[in-house]
Structure formats: C-alpha cells, structure tokens
Amino acid sequence: MANGEVGLPAIAQNPQRKRKNHSGESSMAAEKKKDVDFELSDSPPSYKIRQKRKKKKTNLEAEAENDKVNTPSSSVSIARSPKKRKKKNKKKSTSENQTEKQLKTVGKEVEQEEEPEAGARTKNDQMGNLFSGSVSGEKTGKKSKKRRSIGVADGEDGVEVEPDEVEFGRAALTGDVCQFLMERYKPSSAPQHRHLCASAAAMRSLLLDEGLPLTPAAYFAAAVSAVCGVDEADSEALSALSGFLSVLLPHVSPESVPPRQAVEAASSVVALLESLAGEGMAAPTVRSLVGCLGLLAQSVDLEDWVSVELPLWTLLRFSLDRRPKVRRCAQLSVVKVFGALKSPSVIESSSNSVLSLFQRHIPLAMKLSSARVDSSSKDLEKSDNIEVLHVLNIVKILVAHMPLSIARTCLPEVSKILNGNFSVLTRNGIGLLEVILLKLSGDILPNEAEAVLVLLTSFLSPKKRNPGDILISASTLLRDTLNLLHNSQPEVWTRHFSSVFRSMAGLLISSSGKGKHFADILKDLISIGFLHTDKLSKDVQLMETDNIISMCSSLYSILSKSSRAPNEHILAVVSDLFHKLGKSSSSYMSEIVLKLSSWVTSLGEGTNEKKNVQQCLGSAIESMGPENILSILPFSFDPENKSYSNMWLIPILKKHTSGASLQYFLDHIVPLVRSAEDKLVKARRSSTKKKLVSSVDAFWSLLPAFCRYPTDLADSYGSLAKILVQRLEKNENSYELVSMAIKELVNGNKDQVEDYANISAGEAVYTPMCYPREVARKNLEVLALNSMEIIKLFIDIFFASAPEKRVSIKDIIRCLASILDRGDLKNLFSVLPAKYGFVACGGSEIELEYHTLPDDDGVEEKMRLMVEISSAFVQGSDQDFIVMLFNFIKPHLMDDGLCQLEGYEALREIIKGCPWFVFSHFDQLMDLLMTIDSMVDPPVLSCRLSCLHLMFVHLLKENEVGENNRALLILNEILRLLKDSNEEVRKTTFDTLLNISQTLKEDSSSTDVHHRQLFQMIMGYLSGSPPQIMSVAIAAISLLIYEDSNLFYLVPDLIPTVLMLLQNKANEVIKAVLGLIKVMASRLPITEIRNLLPNLINGILPWSSVSKNHFRTKVKFIFEILLRKCGHDAVLLHTPDSYRGFVNLVIESKTKANTGAAPLNVEFHTKNSFNARKFTRKVDPNKNPRGQKRRLQHPVEETPGEQFNKSGHEQVNHKPKRNKYDSLAENQTNNNRFKLKNKVKPAGKKLFMKKKKGLVTS
C-alpha cells in the first residue's frame, strides 16, 4: 500500500453499526451502571433516552466492570439530561470561549481556501453524504451491537471486537479530515464535539505550517506527537486527542508509518501508558492509546526483535486488563502483530514472551483448578484470578501463530490445569487443549497422545459428575484425537480405544439430546474401521481382538444393568457394531442377541421400545445371517405347551432376511414343517391343532424371505421346485406363498441382468448388486429348466379359481413365462385348447372353431379364461408366437360377446410390449379399434382407448413422416370421442389424452420434441376445420396446459393463433377460446401473464358486451383473475378508454365482495312444500329490508351449505318469519292426525293487532 493510502473502514461495510462519541466518553458512560443512555442523532444535535435491559452478571463479570473511573467534563456531559446541559452551556468557562473563537477562526480559514476542481468537488459532495450518513447514527434510535468474535476472556470462545468510537466511510476520510469534522460538528454545542474539532483544527494548522499533505497518515503522525507531548494533568486535552486518534486508526495503514518513527512513537506511547496507568485514566482514552500502540507495533521493523519487544509486551499486559473494551482492543492488536510477523526468530521470541506469561500464571491456575466451583470463598473473584482466564484466552488465540516447539511446550502446562474435575478454568482449558492438538496435528508424539487420551477420558467418569457441556466437549475432542491417531499411530489407537469406548458407552443412558451426541460419537468411532490385521504385528492384532471383545462386553454390561428397556441411542450403537463386525458378530455378540431377545418377550406389543429392539435384532440378522441367529435362538418344540419357542422371531426374519441359503431352508425349516404336520395329525385338542396349524403357516411364510437373493440358487432350486410342486398339489390355497417366493427369485435375477445391461449402455445409474451378471444369468437358466411343472399347476389353478384370485395368479404366470424357453412356451399354449375342450387346427394357428359337448355348459366361460390368460404369455414370446396370439384373440375383438374385454386386454399387452407389432400390423389394428361404437361398455372403451394411447406413443417416438401421419389418424379418433354426447366417453377420452402426455413426460428417451409434435398436431385442427373440431382441439390444449403449465412454452405461437380465433363467428369456438384464456390466466406464472396482458385484454374485451352464451360473464371471470395477479394499475394501463367502464365495474364488484359490502343473496324456503325450494333475493345491507317487497329470482343450484354462490355473493340462510297461528296449525297436524270440531281460523291483521294491544278480548 502506498504512503498515505488508507484501507476500507468498517463503517463503509456496515453503516448501521453502533455509533460512538469521538473522544470515547460514550464508552465510559456505557460502562457506568445506568438504566438509561443517550444516543447521538442528526443535527441539530439532540439526545434521546433509550431504556436498556438490565442483565444479570456473574461475579467475574461484575468484577471486570468495577473499574469505573472519574470521567472528564467532556464525558460527564453525555450522562446529563438536556436541561442540565443547557444550564451548563450558559455558563461557559474561559477555556471554552477560547475554543469557540478558535473554531470560528479555523472555520473561516477553511472556507477561504481555494475551491477544488469540479470533479473533486463532486467527489467531496459524495464523500460528505457518506460521512453524514455514517456518523449521524440516522434517526432510528437503535444501536446495532454486531461484533465479531476472536477470543473471549471470561470463559467464552472469542474476543468481541466492537467498532471504533467514531466511524467514517472510506470516501469521507480520503480528503481533509478536519474539514469533514468541522462541517459535521460545527453546529453542535456538545463539549466533546467542540474539543474534537479543536484538536482536528490544531493538527490541521500544524500540517499546514509544515507543508505536509492533509492525509489521515499525516494527521495520525501529528496526533501521536501531540498526545505524547500533552500534559498528563490535562485530561480534557488527552481525551480529545485520543478521540481524534480513534477516528484516524481505521484509516491509517501500518505501511504508511515509517519504521524508525514508529519505534520512537511506540516508546512514547508506552511511556505515556505507563505513567498514567495508576492515575485512573478513562477507559476510552486507554483504549484509543492501546489501539494506537497496536498500529505502531505493526509499523516497526518486524525483522528486529528489539523494536517489536516493547510494544508487544505492553500489548500483552493490556490484554489482561480488567476493562473489557481495553482488553479486547489489546488482544486484537496482539493478533494483528503476530499475523504480521514473518521472521522465524522474531516469531519464536514473541512466542516465548507469551509462553513466559502463561507459565507465570500456571501456579495460580493450578490453585483455581483444584478449588470447588461452588466454593463461597471470595478468592475466585480477585483480579489476579480473573487474569488467569484472560491468559488462557490470549494463549488460545496465539497458538496458531506459534512454532511447533512452543506449542508442544504449552501442552504439559495445560495438562496441569485440567485434572478431570470441573473448575472455573475447565472450559477455557479444554478449548486451549483443542487448539494445541489442532496445531500439532500429525506431529504429536506417542507419549503426548497417551497423556491427552488419559486426561480427556478422566472427564467422562460418572463419579466426577461433570456438567453436560464439559462431557460433550471432552468426548468430541477424544473422538478427534482418536481419528488423528488411527493412521499415524495405530499402536496408541489400539491401546486406548477400548478404555475410551467403555467410558463413552457409559454416557449413553444420558438424556435424549446428550445421549444422541454420545451415540453419534461412538458410531463415528466404530465407522473409522478396525485396523487391517495383515499389516500389523501379532501383538497389535491381539489387542484389536481384545478391543472388539471389550466393546461387546461394554454394551452388554449397559444392557444388563439397565432396569428398563434400552433407549434408541444404545440400540443404534449396537446395530452399528453388528453391521461393522458382519458375519463375525455371531462369535462376539451372541450374549447381546440373547439379552435383546429377553427384552422382546418382556415388552408390551406395539410399544416403541419393542419396535426399537426388534429393529436392532433385524440388524443382527442382516449382519450375521439367519443361519447364525437361528443357531443362537433356535425353534424348538415345547412338549408341555404343545408349541414352538421363539416364534416371535419369524416376523423379524421375514423383514430382514436377505442373501440366505436355500439349502438351509430345505435342511432346517422344511423338517420343522413336516414335524409340525405329523404332530398335527396326532393332536386331539382343538387348541393344540390351532397352535400347530399356525406354526406350519409361520414356517412356510419364511420361504419368500429365504428366496430373496439366495447364495445357492443354482444348486438348490431343483430340490426346492419339487417341494413347491408338492405343496401346490397338496394345498392349492398356498399359491400366494409360492407366487411370492418365485417372484423374488425371478425378479431378483432379472434385475441384476437388466441393471448390468443398462449400466453397460449408459442408461441407468449403478445400484448395489447382489450377484455378478454371469451368476444371475445362470440362475435364470436354472429357474427356466425347473419351472415348467410349476407354471402348469398355476394354469390349472387359474381355470379353477374365483375371479378375484385370477389377477395374482396371472401375474405369476406372466413372471414365469418371461424366463421360459420360447419353444416350450409356445407348445404349452398350443395344448391348452385341447386340454380344456377346444379343437386346435390350422397348424400353428389357433382358430375359434370348437365343438361344444352336450353336457358341457361352461365352454364359453373357459374360452373367456383362455383369452384372458393369453395376455400372460406376451412378455416371453417371440414374433411368431405374438402373431399367433393376435390371430387367436382377433375374432373376439369384433364380437360383442363375453371375451371382448379380455381380448382388448390381451391386445393392450401385445401393443405395450411389442412396438414392432404396431408398425407391421397398423392397418389391422386401426380396423379393429375404429369399428367399435362409443356406446360399448365403459371398461371396453377404456381398454380400447388405452390401446390407441400406446400406439400413438410408439408412432410419435418413431419420428418419421409416415408414422406421424398414422399418429394423426389416432388423434382424429381421440378428438372425435372428445365431442361425444356421452359424458362418460368424454371423460375417459380426456383421461387418455392426459395419459399420452404423461407417458411422453416420464419416458427417459423422450424429449420436449415429442410434446411439441403433439401440440402441433392438435393446433393443426385450428385452421380449416369445422367449428366443432376446432372447439374440441382448443379444449384438448386447455386440458394439457391445465395439467402441466410448462407445456405452454413449447408452442410460442399459441397465443397469436388463439386470439385470431376470437374473430370466428362460431359461438362454440369463442366459448372454447375464452375457456383456454381462462386456463392460461390461472395457471401461468405472473411474469408470463404480464407479458401477455396487452394481447389478452385487447382480444377478449370486445366480447364483454355480448351477453349471449354467457360471454360477458366469462370475460368478467378472466378479468378477475388478471386483476388478482397483475393488479388494477397494470390492467387499466392496457385497457382502451371505451372499455374502462366495464373494467371499473369488475373492480368495484370485486372490491365490494372482498369488503363484504356486496348485495347479499338471502335464501329462504317455502313453508308449505314438502321439498323446500331455495330462492335468492337481493338485499341491500345498508337499508332496512322490513316493509320492502321481496323480489324472487330464479332458483339456484348451490346447496344450502355453500358459503358463496356463482356470482360471488355471500349466501345467508335464514328461516321465514312465523306467527303464532303457524305453531298452532303444526300442533293440530301432529296430534294423531285427527280433525278438531272447532276448526281454528286465522283472524285478520287488524283483529290480531287489537287483541295484541288488549283492546279486544277473545
């Protein structure tokens, strides 16, 4: 930085920071114990009283703020009320009169100077604005207290650094400082401002006499010389000069002060601080001088220790000062000095100075660390004892700048302070220890690491009863230290890991928040990973084994000692240990499994504690496998209870078993099933039979779990298939269980092969694989060879089962057909007609011709089932077989018989799975799908439209001209059905159109090009088509945009085309266009609506005057949406004058509706009708409706419970008025429905009023 150049002040970065007095007196006033303080505002100066919140302070903080001293008169004036200050100003002293004269003289000299150039004057004006905004404090009456933390003495983590007493913008102090101060504070009558301006004026005069530039650096040099030569007894001058220095410090760079002059000035400032140290100097003055010394310390020759020693040692001494602001300023200065040091020798000497300061306070620190925290002795409140905290804090800040040798020397000194017991120094000591360990990092020695681990572990002892934050800090530092030692010193890590884990595991029973923290630390330690045994010595391997045993025993001890169910934090650590040990956990954690099982049996059903324990056991099953779990907790038969033990384990096994052995199921679970079945045959009691039947079903329910990625499928599936065939032949109701097992086997291996294929093609993201690709392919071949008998049994079950069961059976048939050999699958389907009573002829094709036996009345039903099951063979078929299936179902598509729906379902499967079939048989498919009338059954119509949907997507993806023409034919059919008279048909067609758009959106290979093609096809109907087709196309566009507004951006010419259609003469086209505009107005974002607003308004306003077909109402609704989104001003801006009346009416009605002043639709019901009809009448709420004639309108369709009607008016339901004759007539009607002899006739109105007034007696 060049000479005289200043850095960016803090006020330029944050102009809302706290404002201070120039001379520092406001800081003194803030330190006094007052309930009110005063704030400086803009000129004319005035002081505002602002109440301060009283804060409770600890003894140490109170002692740190008891250093109040006598303030000079300039400072006292801030703490006085405005009235007293006025009285004082009237009685000015002689010195003040002289100061005023001097200010006026200097002001005239400044005004008489030559004016700068135009550019400079403009710049000064800008600087003046910044200066005014930064100093005045703005008239908010609030002071920001933003501070940045570097290190706090009283047990906190950092030093709070406040802004300087007076802050200016950077631009404000690039010119003449005195000029700005005069302009700012010349109207002020405050003594501190006058002294400040006088000091600036004096410095300016000195600089002008010497011919020096009026820069902040020159002002700083003059101010330092002046403050060092001032009389020690003149506190006012010293305060004013120190305030002026505080203004200059942020804007003077250390490079702008010559090193030689900096040494001399630093010596003078140190001498001044030393001479005035015991005279009770004001804290703001000391703070300003300390900041000045810090700047000078950075300006001296930093390569010369002699030059650095005196200012650095003085700053270190003041960093222990009792006054917080002085201490913070000194600490910040020390940090800056250390950061500026580059010479290793100077850094080492400076670090030794800090070390000596630290070691000097070690005896006192040891005394404080051994004292009880709750001791009533006042020794802890002495100033010397408070200095210990400040020393720890300053060392913590400076460790990062020290050499490794000095930081290593500090480590044993810190260990002397920390003895495992909580004291006032514990928090600061642990913070300092953390910084030292971070500094040493990988250079820590083994003996030092062991000492630190032992020291921190002692804090975790439950006997110490340390506070929770100390436990958290110590445990976190322990984890970081172990992570550091894991790779650098594995022997030390292995030697101390078990003790650390044991001590920390005992803290898992803490409260929820702390227990979670300790659990996370333990999981981090477990996740570090055990050391690789092949790279270590045998002794270390043995120690690692001992660590595993120690961890397991520690967790088992916690589980055993707990009288209640273990919390989720303990179980989370146990689960992580299960996963880390894997299969070997069965050797180390069997006792833990037994303990968890005892908790499961003792806890209540459905409780969270039981669910947590079951989840932990699930982790054990996933880690060690079901084989090892069942060896620890076997299923054994209890002769007394006639039941099997540990049956509660089956639901957990079903959920968490994966990668098990099929052979284990055949060797252990199947024998249990047979044993239970044998006992069931011999059982006599019904209760015993129920238990055994439930046991058999429970054992069989484990089959799908063992089929989830088995490890020996190729070797064991042949034996399993035979057992499954026997199971299906013996009990057809077990098809669901067998289906689930086979689906697990087939889908698991197919997913592996397909995922590997997608990864090789770059179409999918890698997912964890349980099998290599070759193993999965081999497994599929084994499944195909041994599943023919199973699929035949499922087909038989399908024909014999109820309709609700056929869907699941068809799924398993489809699953098996996908892996069977194509030839075997074709032969299997070919023999089905002959097997179920049909005749097959014509070679490979199956015709509809069949003969019906005289006693066979179910042939048609069997044919329907045959057509239905044909869809299950599509997935695994080749092209010849697909053509054969199509020829088989084709006659049923043209017939309205029982098989039509099933035929369309089969055709849908063919179109979905075979895109090539759509291109090769398009004409035949269109003939089939276009010949059916829309009056068919809704399921058939839905399936037919689904076929068209799939064909359209296949053709659109082909992206060829000929295929697009074919797709256009399908779109013609869809749009034709959108205009059908049947509402159900229209709804189904609209759903089909949405499904097409959704399919194009979900397809990963599809892009916006396909959506754009769809829109272009639909928009092609907007020109040259009949009005009916045009309205349907517009309705289709409205539907698509309503579901996905992003589709609007795919067609940039949509708005011009739609607005052109508003000139059409067909009412249905206008109606559809207005509906589309309403959809766009409601669904598009506001920014897009604002861009389209002029075109929309000019397009729809001509239809606001047409009441036919409710066009005026539709336009009104659109304008209500536009007004809500864009605002009244934007809409009126683009509205022609001829239509402003209509828009104003819409605004007025909308405003009345929002404020509740709109006419109400009052509902009432007729009395004499059985089905009461609802009418509405317009009632002005501002007038009394009594006596006015009721005007009935047409009945409305809203239900009485609706709050608003179509016009937006609020509905009010009330009953009509009743007279006493109405109640009398009701009583007569409800009295057993007989006629009274003396029939009551209602009297006239006049007679009734006379009786009411008592003029006539009855």
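Rules of the game
Residues numbered from 1 in each chain as written. Predicted model: local features only at pLDDT ≥ 70, side-chain atom pairs only at ≥ 80, totals over all residues. Heavy atoms only, no water. Helix = DSSP H or I, 4+ residues; strand = E, 2+ residues; numbered from the N terminus. Contact = heavy atoms within 4.5 Å. Areas by Shrake-Rupley, 256 points an atom, 1.4 Å probe, with all protein chains shown as cover. Salt bridge = Lys/Arg side-chain N within 4 Å of Asp/Glu carboxyl O. Buried < 20%, exposed > 50% of the residue type's maximum accessible area, 1.4 Å probe, protein only. Polar contact = N/O pair within 3.5 Å; in protein donor to acceptor, adjacent residues only side chain to side chain. Axes fitted to C-alpha atoms, helices over the stretch in contact; angles between N-to-C directions. Parallel < 35°, antiparallel > 145°, perpendicular 65-115°, else oblique. Nonpolar A, V, L, I, M, F, W, Y, C, P; charged D, E, K, R; others polar. Left-handed = near helix turned anticlockwise from the far one by under 90°. pLDDT = per-residue confidence, 0-100. Core = buried A, V, L, I, M, F, W, Y, C linked by side-chain atoms within 4.5 Å. Phe/Tyr/Trp six-rings, centres within 6.5 Å; stacked < 30°, edge-to-face > 60°. Lys NZ or Arg CZ within 6 Å of the ring centre and 35° of its normal. Expected span 1.5 Å × (residues − 1). Disulfide = S-S within 2.5 Å.

Some remarks on the overall build of the chain
When helices and strands are tallied, the chain shows 58 helices and nine strands. For the chain, long-range pairs separated by at least 24 residues make up 71% of all intrachain contacts whose partners lie at least 6 apart in sequence. Carbon and sulfur atoms form 50% of the exposed surface of the chain, whose accessible area is close to 62700 Å².

Let's talk about the pattern of salt bridges
According to the stated counting rule, one finds 25 salt bridges in the structure shown. We note a salt bridge from Glu868 to Lys810, for which the minimum N-O separation is 3.8 Å. One end of the pair, Glu868, is in helix H41 (residues 859–870); the other, Lys810, is in helix H38 (residues 803–817), with 58 residues separating them in the sequence. This pair shows no difference in class: Glu868 is buried, exactly as Lys810 is. Connected via shared salt-bridge partners are Arg806, Lys810, Glu861, Arg864, Glu868 and Glu902.

Quick notes on the side chain of His949
Mapped onto the fold, His949 is located in helix H46 (residues 938–958). Looking at His949, the relative accessible area reads 10%, which means it is buried. Side-chain polar atoms of His949 contact the side chain of Thr999, separated by 2.9 Å. Not counting residues within four places of it along the chain, the set of residues in contact with His949 comprises Thr992, Asn995, Ile996 and Thr999.

Remarks on the packing of helix H29 (residues 608–632) against helix H30 (residues 649–656)
For the pair H29 and H30, the least separation of the axes is 9 Å and the interaxial angle reads 85°. Classified by the angle between their axes, H29 and H30 sit roughly perpendicular to one another. Listed contacts from H30 to Gln614, Gln615, Leu617, Gly618, Ile621, Glu622, Pro626, Ile629 and Leu630 of H29 are Leu649, Ile652, Leu653, Lys655 and His656. Here the contact of H29 with H30 is built from residues that sort into eight nonpolar, four polar and two charged.

Description of the packing of helix H22 (residues 468–488) against helix H23 (residues 490–505)
Direction vectors running N to C along H22 and H23 enclose 155°, while the axes themselves pass 9 Å from each other. Between H22 and H23, the interaxial angle falls into the category roughly antiparallel. For the pair H22 and H23, the crossing hand works out as left-handed. From H22, Ser475, Leu478, Leu482, Leu485, His486, Asn487 and Ser488 reach across to H23, where they touch Pro490, Val492, Trp493, Phe497, Val500 and Met504. Here the contact of H22 with H23 is composed, by residue class, of nine nonpolar, four polar and no charged.

Quick look at the confidence of the model for the chain
Taken as a whole, the chain shows an average pLDDT of 75; of its residues, 71% reach a score of 70 or greater. Per-residue pLDDT stays below 50 along residues 1–172; that stretch engages in 305 contacts with residues further than four places along the chain or on separate chains. Between residues 840–855, whose pLDDT stays under 50, and residues either more than four places distant or in other chains, the model counts 22 contacts.

Section: the nonpolar core
In this structure, Phe220, Phe358 and Phe794 are the most contacted members of the largest nonpolar core, which totals 339 residues. Tallying contributions element by element places H46 first for this core, with twelve residues. In contact with Phe358, not counting residues within four places along its chain, are Val391, Leu392, Val395, Cys410, Glu413, Val414, Ile417 and Leu432.

So, the packing of aromatic side chains
Inspection of the entire model under this criterion finds 19 aromatic pairs. For the ring pair Trp1103 and Phe1111, a centre distance of 5.4 Å and an interplane angle of 80° mean the geometry is edge-to-face. Each member of the pair, Trp1103 together with Phe1111, is buried. Linked through ring pairs, Phe635, Phe637, Tyr644 and Phe699 together constitute an aromatic cluster. The ring of Tyr1042 has Arg1083 lying over it, and the distance from NZ or CZ to the ring centre is 4.9 Å.

Quick word on unusual backbone geometry
With a phi close to 55°, Arg465 is a non-glycine residue in the positive phi region. In this fold, Arg465 is placed in the loop between helix H21 (446–459) and H22. The phi dihedral of Tyr709 is positive, around 55°, even though this residue is not glycine. Along the chain, Tyr709 falls in the loop between helix H33 (703–706) and helix H34 (713–730).

Thoughts on the environment of Asn731
Considering the arrangement of structural elements, one finds Asn731 in the loop between H34 and helix H35 (735–761). Side-chain polar atoms of Asn731 contact the backbone nitrogen of Asn733, separated by 3.1 Å.

What to know about the environment of Leu425
Its location among the elements puts Leu425 in the loop between helix H19 (404–417) and helix H20 (426–440). Residue Leu425 is classed as buried on the basis of its relative accessible area of 1%. Sequence spacing of Leu425 and Val388 is 37 residues, and the spatial spacing of their C-alpha atoms is 8.4 Å.

Section: helix H10 (residues 216–229)
In this model, H10 (14 residues) spans 20 Å end to end at C-alpha, consistent with the 20 Å of a helix rising 1.5 Å per residue. With ten of 14 residues buried, H10 is to be regarded as a mostly interior element. Check the buried side of H10 and you find it contacts helix H8 (177–185), helix H9 (191–210), helix H11 (235–248), helix H12 (259–275) and helix H13 (283–299).

Focus: the environment of Asn1144
Checked against the element boundaries, Asn1144 lands in helix H56 (residues 1140–1155). Taking the C-alpha atoms as reference, Asn1144 lies 9.3 Å from His1128; in sequence the two are 16 residues apart.

Structural notes on the state of the cysteines
A covalent bond between the sulfur atoms of two cysteines is what we call a disulfide. Scanning the entire structure with this criterion turns up zero disulfides. We note that Cys228 lacks a disulfide partner, and the nearest cysteine sulfur, in Cys292, lies 7.0 Å from it.

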